[in-house]
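Secondary and tertiary structure notes
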Amino acid sequence: MDPRQFEHIVVKDNDIQSIVMSYLLHNCFDETADSLASTTGIHQPVIDRDNMERRKQIMHCILEKKALKAVELTEQLGQDLLEKNKDLHFDLLCLHFVELVCDGKSKEALEFAKTSLAPFGMVQKYVGKLEDAIALLAYEDPEKSPMFYLLSSEYRQQVADNLNRTLLEHANQPSYTPMERLLQQVTVARQYLTEENGKDAFPPFSLKDYVKG
């Protein structure tokens, strides 16, 4: 479909509300989803509320700097879940290591690195981030180190989002929301128009700029 035809498509309120509802349930905003349903009358899809509550608890642990607890709860949902997702397992263990460093538990952090993180050092793709994590021990104030990204809330949220998608896949549910797929389509459409008409005609799509209006 020619992206230029999108402007002639009429989007109904129910469609927008459904997209928002799916986003809320995907990210475990159950109370907000219930509120949206009660105020708009939109039908809520049938979902596994127990699974959503578990995902919500796990993501909360990550964001509240309890990464090891998140690992424990994840393994309760599926013993081999993290074993099959090495990248995610590594990121969660790195978060716990960072938590120890930030709490001033350098000795405990070093011991944890030797027992839990060192095996990942045998795989080349983990070496860079592993070296960054270990280097945090050399700084009195890790937040002022070049590796401060490992301490950022954005990095922690990224790991939480990745784990949420993994848990959804494990439960045979979509790992991406219609809203995310819609944004991907908008980006592709904008790239198509840019290539066809030149970069000045259609600048790259920016969600941040779009929200600002």
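Just so you know, these numbers come straight off a predicted model, no measurement behind them. (Residues numbered from 1 in each chain as written. Predicted model: local features only at pLDDT ≥ 70, side-chain atom pairs only at ≥ 80, totals over all residues. Heavy atoms only, no water.)

Moving on to the packing of aromatic side chains. For the structure shown, the criterion picks out 4 aromatic pairs. Plain terms: the ring middles of phenylalanine 90 and tyrosine 126 are 4.7 Å apart, the flat faces sit at 45° to each other, and that makes the pair tilted. One end of the pair, phenylalanine 90, is in helix H5 (residues 86-102); the other, tyrosine 126, is in helix H7 (residues 124-135), and 36 residues separate them in sequence. In this pair, the class of phenylalanine 90 matches that of tyrosine 126, namely buried. Measuring from ring centre to ring centre gives 5.3 Å for phenylalanine 120 and tyrosine 126, while their planes differ by 90°; the resulting arrangement is edge-to-face. The pair formed by phenylalanine 120 and tyrosine 126 is uniform in burial state, with each residue classed as buried. (Phe/Tyr/Trp six-rings, centres within 6.5 Å; stacked < 30°, edge-to-face > 60°. Helix = DSSP H or I, 4+ residues; strand = E, 2+ residues; numbered from the N terminus. Buried < 20%, exposed > 50% of the residue type's maximum accessible area, 1.4 Å probe, protein only.)

It is the contact of H5 with helix H8 (residues 153-170), at a shortest axis distance of 10 Å, that shows an interaxial angle of 145°. Crossing geometry of H5 relative to H8 is assigned as left-handed. Contact residues: Leu88, Asp91, Leu92, Cys94, Leu95 and Glu99 in H5; Tyr155, Arg156, Val159, Asn162, Leu163 and Thr166 in H8. Residue composition of the contact of H5 with H8, by class: 7 nonpolar, 2 polar and 3 charged. (Axes fitted to C-alpha atoms, helices over the stretch in contact; angles between N-to-C directions. Left-handed = near helix turned anticlockwise from the far one by under 90°. Contact = heavy atoms within 4.5 Å. Nonpolar A, V, L, I, M, F, W, Y, C, P; charged D, E, K, R; others polar.)

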